[in-house]
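In case you want the letters, here they are:
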Amino acid sequence: MSRHPAWLDNAIFYQIYPQSFCDSNGDGIGDFQGIISKLDYIKDLGCNAIWMNPCFESPFLDAGYDIADYYKAAPRYGTNDDLIQLFDEVHKRGMHILLDLVPGHTSWNHPWFKASMKAERNEYTDRYVWTDSVWEEAAGYGSLRGISERDGSCLVNFFTHQPALNYGFFNPERPWQQPIDAEGPRKTLEAMMDVMRFWLSRGCDGFRVDMAGSLVKNDKDGKGTIALWQKVRAFLDKEFPEAAIISEWGEPDKALEGGFHMDFLFQSGPSHYNDLFRCEEPYFSSRGKGDVTAFVDKYVEYHNKTKNKGLICIPSGNHDIDRLARTLHGDELKVAFAFLLTMPGAPYIYYGDEIGMRYVEGLHSVEGGYRRTGSRSPMQWDNSTNAGFSTAPVEKLYIPLDPAADRPTAAAQMADPTSLRSEVQRLIALRQAHPALQNFGEIEFVHAGYPLMYLRSSGDENLLVIINPSAEEKRVEYAQTLGTCIYQLNSAVRQDGNTLVVPAQSASVFRK
Ligand code: NOJ
Ligand code: CA
């Protein structure tokens, strides 16, 4: 097993979108002090780690994924000292926190980019990817043209205002395409490692890395990008061996080869993540018309390719995709969480998913959110003003709240033992009591369909998980004894000779 920080063995992450979590000063936008005031809530749920979306100086044309100063917290969230206080408060509770590193691009407001736009050669000329004539665009990429004194087009990574930092080309084909070991690309990587060093030495525990798989251009198989991250991992192992990194890559075989401790399965990419939760017939819908087999096949392939190299993480959602509760409802959500919290890899719970927060329909785009805005609405704490998120006048809220009269709240669900949040809390406690269920425990699929069955094991502990999202009872051949039931959602599984009878919308875990 490759070395990893020990705290990853049983880390369960909670994703915080800082602008929508808790507003401490009544300006309508969440902030660091607000987050500090809710750390006990996260701990009470059972999560022991946090990933927080970007919180740095930015014009916020992409909610902070357009950074203008990597070294400065955005004033709307607080000061650098507040952020460091947040690290300390997290650690006091025995928890860890990852910041969001955006190494692929900056805001077009970043001083590096302003210098890079100058005609005269300077330190930042090669910090971004430029063609050598404004009349040439880079095939396959968007570009920024006609705004610089410099004669050239600058590649963009995502939105037009996000110029691509220069990590070089794996196979340079044009004179302006620099090889990965040229001085410009090397200096860009050094600059990014300095950013990491700055925050790690102030107490953050690692990073979620934005668009990690696309730094080196013209790199079809990812070889250049893998080599780049291996350098970063060597730097971390040497200077910050307790730091963890997780990639937004979606191809764990490549990401973990590159030295990431964890990679997300997510919406884009070949993982079939969407088959489970977000397609016309999701596997976890009680209609029971979904298909889990392509997901399982791909998962097993990745699992076999990455054995002992790191974690494959399946998030409940994130700030880029529809809320889980847009497609799943009621007990469907409980069954989905039973899966998410009994799979290997570190679980990631997107804020509010633990109470079934809904996707808010019909919103105008906020800060480059577009369709994503509906998944970024303020956390619903209780029934007080603005659901306890903020004391600001309602029109000043960063994003409008879910207007539904029956919108779920954390307070109500904490008081209700039958709520989704209570179920999530129970599942987390179960996971934390059984090493076989934890992040590095083994998995072997026994049946892929309705029901889904898998064995989890670690040391002497062998557990069997049986999940049936369908509204119909299902039967499956199973000649072995089941063992002792240690978790049960809804009715109990029965054994009828060599047949298991798995009740509708149930989840169970047996100790073998
Ligand atoms: C992925 C982030 O999750 C998303 O929110 C952002 O817009 C793009 N990367 C660009 O940074
Ligand atoms: Ca605020």
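Residues numbered from 1 in each chain as written. Chains lettered and ligands numbered in written order. Predicted model: local features only at pLDDT ≥ 70, side-chain atom pairs only at ≥ 80, totals over all residues. Heavy atoms only, no water.

Going by an unreviewed UniProt entry, the protein chain carries the name Alpha amylase and comes from [Clostridium] cellulosi. Among the UniProt annotations of the protein chain, the heading Sequence similarities (unreviewed entry) holds the following wording: "Belongs to the glycosyl hydrolase 13 family." (UniProt positions renumbered as here; feature names shortened; annotations may be inferred.)

### Here's the deal with the overall build of the protein chain
Within the protein chain, the secondary structure is distributed over 13 helices and 20 strands. For 512 residues, the compact-globule estimate of 2.2 N^0.38 gives 24 Å, and the protein chain sits close to it at 23 Å. Each principal axis of the C-alpha distribution contributes one length, and for the protein chain these read about 80 × 50 × 40 Å. If you take every contact in the protein chain between residues at least 6 apart in sequence, the share linking residues at least 24 apart comes to 66%. As presented, the protein chain carries roughly 19,100 Å² of accessible surface, and 50% of it is formed by carbon and sulfur atoms. Charge-centre separation for the protein chain: the mean point of 51 positive side chains lies 1 Å from the mean point of 68 negative side chains. (Helix = DSSP H or I, 4+ residues; strand = E, 2+ residues; numbered from the N terminus. Rg over C-alpha atoms; globule rule 2.2 N^0.38 Å. Contact = heavy atoms within 4.5 Å. Areas by Shrake-Rupley, 256 points an atom, 1.4 Å probe, with all protein chains shown as cover. Lys, Arg positive; Asp, Glu negative; His and termini not counted. Charge placed at Lys NZ, Arg CZ, Asp CG, Glu CD.)

### Looking at the site of ligand 1
Around ligand 1 sit Asp62, Tyr65, His105, Phe158, Arg208, Asp210, Met211, Glu248, His319, Asp320, Arg372 and Arg376, and those are all the residues in its vicinity. Take His105: an N or O atom from its side chain is 3.0 Å from an oxygen atom of ligand 1. In the environment of ligand 1, an oxygen atom lies 3.0 Å from a nitrogen or oxygen atom belonging to the side chain of Arg372. Alone, ligand 1 offers 290 Å² of accessible surface; in the complex the protein occludes 98% of this. (Near = heavy atom within 4 Å. Polar contact = N/O pair within 3.5 Å; in protein donor to acceptor, adjacent residues only side chain to side chain.)

### Notes on the environment of Ala346
Position of Ala346 among the secondary structure elements: in the loop between α11 (331-340) and β12 (348-350). The exposure class of Ala346 is buried, given its relative accessible area of 1%. Considered as a pair, Ala346 and Asn439 are 93 residues apart in the sequence and their alpha carbons are 5.3 Å apart. If near-sequence neighbours (up to four positions away) are discounted, Ala346 is found in contact with Ala11, Phe13, Met262, Leu311, Cys313, Ile314 and Asn439. (Buried < 20%, exposed > 50% of the residue type's maximum accessible area, 1.4 Å probe, protein only.)

### Describing the UniProt feature "domain: Glycosyl hydrolase family 13 catalytic" (unreviewed entry) in the protein chain
Within this numbering scheme, the UniProt entry marks residues 15-405 as carrying the feature "domain: Glycosyl hydrolase family 13 catalytic" (unreviewed entry). Taken end to end, residues 15-405 comprises 27% helix and 11% strand; its first and last C-alpha atoms sit 26 Å apart.

### As for the packing of α11 against helix α13 (residues 420-433)
For the pair α11 and α13, interaxial distance at closest approach is 10 Å and the crossing angle is 20°. Considering their axes alone, α11 and α13 lie roughly parallel with respect to each other. Once α11 is placed against α13, the crossing between them reads as right-handed. Residues Leu333, Lys334, Phe337, Ala338 and Leu340 of α11 pack against Leu420, Glu423, Val424, Leu427 and Arg431 of α13. Residue composition of the contact of α11 with α13, grouped by class: 7 nonpolar, no polar and 3 charged. (Axes fitted to C-alpha atoms, helices over the stretch in contact; angles between N-to-C directions. Parallel < 35°, antiparallel > 145°, perpendicular 65-115°, else oblique. Left-handed = near helix turned anticlockwise from the far one by under 90°. Nonpolar A, V, L, I, M, F, W, Y, C, P; charged D, E, K, R; others polar.)

### Overview of helix α5 (residues 183-200)
The end-to-end C-alpha distance of α5 is 25 Å, a good match for the 26 Å that 18 residues give at a rise of 1.5 Å each. For α5, the set of buried residues is Gly184, Pro185, Thr188, Leu189, Ala191, Met192, Met193, Val195, Met196, Phe198, Trp199 and Leu200. (Expected span 1.5 Å × (residues − 1).)

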